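Structural features, examined
Below, each chain spelled out in residue letters.
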Amino acid sequence: MASMMFTDCSSSTATARLLLLSRSRLRSDRSSIFIRRFVGPHPMGTNSLRTTVHSASSSSHVIKATMSIESTAKVIDGKAVAEQIRDEITAEVSRMKDEIGVVPGLAVILVGDRKDSATYVRNKKKACDSVGITSFEARLPEDSSEHEVLKFISGYNDDPSVHGILVQLPLPSHMNEQNILNAVSIEKDVDGFHPLNIGRLAMRGRDPLFVPCTPKGCIELLHRYGIDIKGKRAVVIGRSNIVGMPAALLLQSEDATVSIVHSRTKNPEDIIKQADIIIAAVGQPNMVRGSWIKPGAVVIDVGINPVEDAKSRRGYRLVGDVCYEEACKVASAITPVPGGVGPMTIAMLLSNTLSSAKRAHNFQ
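Here, residues in each chain are numbered from 1, in the same order as that chain's written sequence. Only residues with pLDDT of at least 70 are given local features in this predicted model, and only at 80 or more are side-chain atom pairs given and counted; all residues enter the totals for whole chains, interfaces and linings. Hydrogens are left out, water is left out, and the side-chain values use all remaining heavy atoms of the structure.

An unreviewed UniProt entry lists the protein chain under the name Methenyltetrahydrofolate cyclohydrolase, with Acer negundo given as the organism. UniProt positions are given in the numbering used here, feature names are shortened, and annotations may be inferred rather than shown by experiment. Here is the UniProt Function (unreviewed entry) comment for the protein chain, exactly as written: "Catalyzes the oxidation of 5,10-methylenetetrahydrofolate to 5,10-methenyltetrahydrofolate and then the hydrolysis of 5,10-methenyltetrahydrofolate to 10-formyltetrahydrofolate."

Below, the structure is given as structure tokens:
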């Protein structure tokens, strides 16, 4: 498992531990995002946010954030939304099969024997089975040549029963990831990583054939919870090709005013605090503190980070990039981790595969 920071945003002991880990990380990785902000004053300390609470029984009173405060944020239940989307896909797959005799197909190519990658592939196969999509799988050994992988991609490109092709990342170091991803037909690029799809996403009036699954899932959650995006100030934390950049492009296409916060951004919390909508996708546990969030903001947390937990049977638990215990007292709505964005990613993959099959057969 890769090195990681273990934090508990509700514990002062964890803050001290985080200070030591952050200093160590700074020495080993000068590009680590927002490291100087990690070692600043704990946001639940003397500089903590003050929250005004209004109730029917009293006019108003101010409560210090150091006191216990009930969660006020609506939980955006990604698991429930994903189940609803899967039900919709199941119905459409069945209708397509009944009316034109076509079943959507998704092919996954796995190179090597990484346990995490194998788990992801297995989960995708189960998801396909659950909605009636046919799954195809190619497993290649770690020492396979790039040519062998490209040969499988070419075969799936030419196979009319395959409507989506997914190359499980990461690939072995001896392979050129860009060459392999670019070999996937744009009409079957259900991951949305083809440069032509990203290029279309970036241009006004040019709709991509597919949108990357995780950012698409973030926007779908906002839509399904009736959260208005138009005219809002949005901040995306992280600028990866997989999540951060496409998420920013999607928000912009929805007429939000978008800022991207990254490892070279100065005073990131000042920018984040202006946001009506925050999408955090940086891979740092509990990085965004409650004091960084504008009261009433909507928080979409993409991060899935393991942190030490002696009480857990596995010895760890999963947390997001946002300190949930603090953020839920300030935000108006927030995704939990786990159970937020995670389930949406596979649901969007299934949705993209269905859309590809419909497009290929001109099925409305």
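Moving on, there is more to tell.
1. What to know about the overall build of the protein chain
When you go through the protein chain residue by residue, the secondary structure sums to 12 helices and 13 strands. Accessibility here uses a 1.4 Å probe with only protein chains present; expressed as a share of the type maximum, an area under 20% marks a residue as buried, one over 50% as exposed, and anything in between as partly exposed. Counting over 364 residues, the protein chain shows a buried share of 46%. A sequence separation of at least 24 residues applies to 68% of the contacts in the protein chain between residues at least 6 apart. Carbon and sulfur atoms form 51% of the exposed surface of the protein chain, whose accessible area is close to 18,100 Å². Secondary structure elements are defined from DSSP: runs of H or I of at least 4 residues count as helices, runs of E of at least 2 residues count as strands, and each element is numbered from the N terminus. Should any heavy atoms of two residues lie within 4.5 Å, those residues are counted as being in contact. Shrake-Rupley sampling with a 1.4 Å probe provides the accessible areas, and residues are treated as covered by the protein chains on show and by no other component.

2. Side note on the sheet that holds strand S4 (residues 105–111)
Criterion used throughout: strands pair if DSSP finds at least two bridges between them. A sheet is described by the order of its strands in space; here three strands give the open sequence S5-S4-S6, paired in parallel fashion. Looking at the sheet topology across the chains shown, the edges are occupied by strand S5 (134–140) and strand S6 (164–167). Across the sheet, the mean angle from the axis of one strand to that of its neighbour is 15 degrees, orientation sign disregarded. Bridge analysis of S4 against S6 gives four bridges, and the strand direction is parallel. If you follow Leu-106 over to S6, its bridge partner there is Gly-164. Angular values range over 0 to 180 degrees, each being the angle between N-to-C directions of two axes fitted as lines to C-alpha atoms, with helices fitted over their stretch in contact. Of the strands in this sheet, S4, S5 and S6 touch helix H4 (residues 115–131), which is tilted by about 160 degrees from S5.

3. As for the pattern of salt bridges
By definition, a salt bridge exists where a carboxyl oxygen of Asp or Glu is found within 4 Å of a side-chain nitrogen of Lys or Arg. Counted under the stated rule, the structure contains 11 salt bridges. One salt bridge connects Lys-358 with Glu-92, and the closest N-O pair in it is separated by 2.5 Å. Of the two residues, Lys-358 is situated in helix H12 (residues 342–360) and Glu-92 in helix H3 (residues 78–100); the sequence distance between them amounts to 266 residues. Lys-358 gets classed as buried once you look at its relative accessible area, which sits at 19%. As a salt-bridge pair, Arg-317 and Asp-309 come within 3.5 Å of each other at their nearest N and O atoms. Residue class for Arg-317 comes out partly exposed when judged on its relative accessible area of 22%. Each of the salt bridges in this network shares a partner with another, and the network as a whole consists of Glu-92, Arg-95, Glu-99 and Lys-358.

4. Some details on the sheet that holds strand S7 (residues 233–237)
One open sheet holds the six strands; their spatial order is S3-S13-S10-S9-S7-S8, and the pairing between them is parallel. Across the chains shown, the open sheet's two edge strands, defined by having one partner strand only, are strand S3 (74–75) and strand S8 (257–261). Where strand S10 (residues 298–301) and strand S13 (residues 333–334) come together, two bridges link them in parallel fashion. When the bridges of S13 are listed, Val-298 appears paired with Ala-333.

5. Observations regarding the confidence of the model for the protein chain
Along the chain, pLDDT gives the predictor's confidence residue by residue, from 0 to 100. Mean pLDDT over the protein chain: 85, with 80% of residues reaching 70 or higher. Of the regions scoring below 50 in pLDDT, residues 1–7 engages in 22 contacts with residues more than four places distant in sequence or in other chains. For residues 10–69, every residue scores under 50 in pLDDT, and the model assigns this stretch 84 contacts once sequence neighbours within four places are set aside.

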